[in-house]
Amino acid sequence: MSSSETTESTAGADTAGAGSVRLDHVTHRYGRGSETFTAVGPVDLTVPAGEFLVLVGASGCGKSTLLRLIAGFERPTQGSVRVSGAEPRPGEAAGVVFQTPRLFPWRTVRGNVDLALRYAGVERARWPQRRAELLARVGLEGTGKRRTWEISGGQQQRVAIARALAAENPLLLLDEPFAALDALTRERLQEDVRRVTDRTGRTAVFVTHSADEAVFLGSRIVVLTKSPGTVALDLPITLPRGDVDAEELRESTEFAELRAQVAHAVKAAAAA
Ligand SMILES: Nc1ncnc2c1ncn2[C@@H]1O[C@H](COP(=O)(O)OP(=O)(O)OP(=O)(O)O)[C@@H](O)[C@H]1O
Ligand SMILES: [Mg+2]
């Protein structure tokens, strides 16, 4: 599907509302002078509020760069990025889970989550309950007092996810957040993130290398070409959302067909 068809298919959707994302002819280059390197683009992409967009593509095609542009941590070399209709401000535009967790190492697990609750403007009296809910959601009950360097890489990543959820931001950006987790925890968190975003109407942009994860989570999947990434395929996912039986969904024929289609598209885009 071409990007112009994408724009048509999202016409009438909420493309400037809270949590929406709009990329117009975005290209990003790293470096200066004659030493520049085009990391991504040109990309045109509109993500209406409430959509769960999954980005897939070969390593180095520019997925993390795109997320950093949307988060406002980088400014595009060309084109424009809009979040909720405005230029994204770093730290404010979105709740972000980076590819490698970035926690405050001198703080405890609890301290890291509390900081996110404070930034989110949650009343201090509600912190203990909210913190307990968030840590339970990512399976980290009882670890609140531990320092972040005392827990495993996968546990650190789960603290980062709890922190992003704490932010209650209408836009969530997640960069391969489950890559370091065991299969069971990963499936549980996938189900959680799917349910939470569906229920709260938050917009999500999620990066993964797994076709399986992409199909389970996405209401839409965008496959990028190899470096510098441009949109190779824009695929709406029409699997049921909301209160669904996750196991049934994963075992359905439609799921298997979509997974095969996405895996094939990723391979073709990387080879093209
Ligand atoms: N800060 C930087 N300075 C220079 N080049 C960079 C920088 N960050 C990324 N790049 C380059 O830009 C390209 C895109 O990188 P990016 O991290 O966005 O890829 P990716 O799709 O997220 O890859 P992966 O799947 O491996 O995480 C790569 O070639 C990378 O080496
Ligand atoms: Mg990356």
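Residues numbered from 1 in each chain as written. Chains lettered and ligands numbered in written order. Predicted model: local features only at pLDDT ≥ 70, side-chain atom pairs only at ≥ 80, totals over all residues. Heavy atoms only, no water.

Going by the annotation in an unreviewed UniProt entry, the name recorded for the protein is Thiamine ABC transporter, ATP-binding protein, with Streptomyces viridochromogenes given as the source organism.

A. Region of interest: the coordination of the magnesium ion (ligand 2). Around the magnesium ion (ligand 2), the protein contributes the donor atoms Ser64 (OG) and Gln99 (OE1), at 2.0 to 2.4 Å from the metal centre. Within this pair, whereas Ser64 is found in helix H2 (residues 63–71), its partner Gln99 is found in the loop between strand E5 (95–97) and helix H3 (109–119), the two being separated by 35 residues in sequence. (Donors = N, O, S within 2.8 Å, 3.2 Å for Na, K, Ca; no water. Helix = DSSP H or I, 4+ residues; strand = E, 2+ residues; numbered from the N terminus.)

B. View of the site of ligand 1. Taken together, 15 residues lie around ligand 1, and Ser59, Gly60, Lys63, Ser64 and Thr65 are the ones closest in. Cys61 has a polar backbone atom sitting 3.3 Å from an oxygen atom of ligand 1. Contacts to ligand 1 include Arg68, whose side-chain N or O atom sits 3.4 Å from a nitrogen atom. Contact with the protein chains hides 64% of the accessible area of ligand 1, taken as 630 Å² for the molecule alone. Those elements that place two or more of their residues in the shell around ligand 1 are strand E2 (37–47) and H2. It is H2 that contributes the most residues to the shell around ligand 1, four residues altogether. Class assignment for the residues of the shell around ligand 1 results in five nonpolar, seven polar and three charged. (Near = heavy atom within 4 Å. Polar contact = N/O pair within 3.5 Å; in protein donor to acceptor, adjacent residues only side chain to side chain. Areas by Shrake-Rupley, 256 points an atom, 1.4 Å probe, with all protein chains shown as cover. Nonpolar A, V, L, I, M, F, W, Y, C, P; charged D, E, K, R; others polar.)

C. Local environment of the confidence of the model for the protein. On average, the protein scores 90 in pLDDT, and the residues at 70 or more come to 94%. Between residues 1–11, whose pLDDT stays under 50, and residues either more than four places distant or in other chains, the model counts eleven contacts. (pLDDT = per-residue confidence, 0-100. Contact = heavy atoms within 4.5 Å.)

D. Region of the structure containing the UniProt feature "domain: ABC transporter" (unreviewed entry) in the protein. UniProt tags residues 21–251 as "domain: ABC transporter" (unreviewed entry). As a span, residues 21–251 carries 32% helix and 24% strand, and end to end its C-alpha atoms are 32 Å apart. (UniProt positions renumbered as here; feature names shortened; annotations may be inferred.)

E. Summary view of the packing of H3 against helix H5 (residues 153–166). Put simply, H3 and H5 touch, their axes get as near as 8 Å, and they point 20° apart. Between H3 and H5, the interaxial angle falls into the category roughly parallel. The crossing of H3 and H5 is right-handed. Residues Val109, Asn112, Val113, Ala116 and Leu117 of H3 form the contact with H5, whose participating residues are Val159, Ala162, Arg163 and Ala166. For the contact of H3 with H5, the class distribution of residues is seven nonpolar, one polar and one charged. (Axes fitted to C-alpha atoms, helices over the stretch in contact; angles between N-to-C directions. Parallel < 35°, antiparallel > 145°, perpendicular 65-115°, else oblique. Left-handed = near helix turned anticlockwise from the far one by under 90°.)

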